[in-house]
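Observations on the three-dimensional arrangement
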Amino acid sequence: MQTIIGTSTEEAAKWLLEDELVAIPTETVYGLAGNALHEEAVLKIFKAKNRPFFNPLILHISNQNALTSFVQDIPDEAMMILNKFSPGPVTLLLNKRKIVPDLVTAGHPKVAVRIPQHPVTLNLLQIIDFPLAAPSANRFGYVSPTTAAHVLEGLQGCIPYILDGGPCSVGIESTIIDFEDNEVIIRRKGGI
């Protein structure tokens with residue numbers, strides 16, 4: 001498979017609609033994206049990264065309105081964090097709806113969800129009608145890529161398209177926040 005670097009969100013959308021993978025820019029790192037609602041696409045993410053299946057993926061959505069389609073029981077604290085830091089490098093762990101495949105969450109009842117701040121990826125998310133599962137666009141255990149060229153070094157021949165949005169402005173993964181028993185818990189320190 002030939003891997004192409006380009007700037008067309010329409011080209012990226014075309015591949016995603018065919019259940020292929022596309023590397024996408026975010027403000028944190030480049031993500032390896034596939035249709036989060038199609039298990040075939042999600043399986044390709046795990047295979048391309050050589051990622052263990054017990055390691056859940058992050059769901060990327062375009063705006064807060066899309067949140068209720070994929071999660072339920074949104075705590076007030078979660079909405080406060082979203083209103084202050086999102087779109088941005090923050091990921092929330094929330095109870096998932098059945099529409100989210102268990103493969104995305106590694107069988108857990110919660111899904112990690114975020115709204116990226118990168119304008120290119122936000123545009124892509126607005127022209128497709130599904131969320132993207134998107135961990136970092138590198139082989140499992142390697143440094144997360146912050147440019148399209150970094151993605152090409154690690155995944156050339158494994159994916160058809162890299163959507164180039166320039167260098168990532170934050171350069172480290174998003175902060176992951178969980179909500180349990182009226183407590184706010186930081187599960188991973190990151191961009192916030």
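Residues numbered from 1 in each chain as written. Predicted model: local features only at pLDDT ≥ 70, side-chain atom pairs only at ≥ 80, totals over all residues. Heavy atoms only, no water.

Moving on to the packing of aromatic side chains. As enumerated under the stated definition, the model contains one aromatic pair in all. Note on Phe-46 and Phe-53: the rings are 4.8 Å apart at their centroids and 35 degrees apart in plane angle, and the pair reads as tilted. Given the relative accessible area of 1%, Phe-46 is considered buried. Given the relative accessible area of 45%, Phe-53 is considered partly exposed. The aromatic ring of Trp-15 is capped on one face by Lys-14, whose charged end is 4.0 Å from the ring centroid. One residue, Lys-84, lies across the ring of Phe-85, its end atom 5.7 Å from the ring centre. (Phe/Tyr/Trp six-rings, centres within 6.5 Å; stacked < 30°, edge-to-face > 60°. Buried < 20%, exposed > 50% of the residue type's maximum accessible area, 1.4 Å probe, protein only. Lys NZ or Arg CZ within 6 Å of the ring centre and 35° of its normal.)

Time to look at the sheet that holds strand β2 (residues 22-24). One open sheet holds the ten strands; their spatial order is β1-β8-β2-β3-β7-β4-β6-β5-β9-β10, and the pairing between them is mixed. On the outer flanks of this sheet lie β1 (4-6) and β10 (183-188), each paired with one strand and no other. Examined bridge by bridge, strand β5 (residues 90-95) and strand β6 (residues 110-114) share four bridges and lie antiparallel to one another. By the bridge assignment, Leu-92 is partnered in β6 with Val-113. Sitting on the sheet, helix α2 (residues 39-49) touches β3 (31-35) and β7 (132-133), and the angle it makes with β3 is about 155 degrees. (Pairing = 2+ DSSP bridges. Helix = DSSP H or I, 4+ residues; strand = E, 2+ residues; numbered from the N terminus. Contact = heavy atoms within 4.5 Å. Axes fitted to C-alpha atoms, helices over the stretch in contact; angles between N-to-C directions.)

Where helix α1 (residues 9-17) contacts helix α6 (residues 119-127), the two axes come as close as 10 Å, and the packing angle between them is 50 degrees. Considered as vectors, α1 and α6 are oriented oblique to each other. The chirality of how α1 crosses α6 is right-handed. In this structure, α1 uses Thr-9, Glu-10, Ala-12, Ala-13 and Leu-16 to contact α6, whose residues at the interface are Val-120, Asn-123, Leu-124 and Ile-127. Among the residues making up the contact of α1 with α6, the classes are represented as six nonpolar, two polar and one charged. (Parallel < 35°, antiparallel > 145°, perpendicular 65-115°, else oblique. Left-handed = near helix turned anticlockwise from the far one by under 90°. Nonpolar A, V, L, I, M, F, W, Y, C, P; charged D, E, K, R; others polar.)

With an omega of 0 degrees, the peptide bond between Ser-86 and Pro-87 qualifies as cis. By secondary structure assignment, the location of Pro-87 is in the loop between α4 (76-85) and β5. Here the phi dihedral of Asn-50 falls at roughly 55 degrees; this positive angle occurs in a residue that is not glycine. Relative to the assigned elements, Asn-50 resides in the loop between α2 and β4 (58-60). Assessed through its relative accessible area of 62%, Asn-50 is described here as exposed.

This paragraph deals with the pairing of β6. With five of five residues buried, β6 lies mostly within the body of the structure. Every second residue of β6 is oriented toward a common face, with Lys-110, Ala-112 and Arg-114 on one face and Val-111 and Val-113 on the other, all of them buried. The sheet contact formed by β4 and β6 spans three bridges and is parallel. The residue of β6 that forms the bridge with Leu-59 is Val-113.

Moving on: α4. For α4, the full list of buried residues reads Ala-78, Ile-81 and Leu-82. Within α4, the buried residues cover an arc of 100 degrees as seen down the axis, which keeps them to one side. Away from the buried face of α4 by more than 90 degrees, exposed residues Asp-76, Met-80, Asn-83 and Lys-84 are located. Packed against the buried residues of α4 are α3 (67-70), β5, β9 (175-180) and β10. (Arc of directions from axis to C-beta.)

Attention shifts here to the pairing of β9. Across the six residues that make up β9, a large majority, five, are buried. Pairing analysis gives three bridges linking β5 to β9, with the strands arranged parallel. Within β9, the residue paired with Thr-91 across the bridge is Ile-176.

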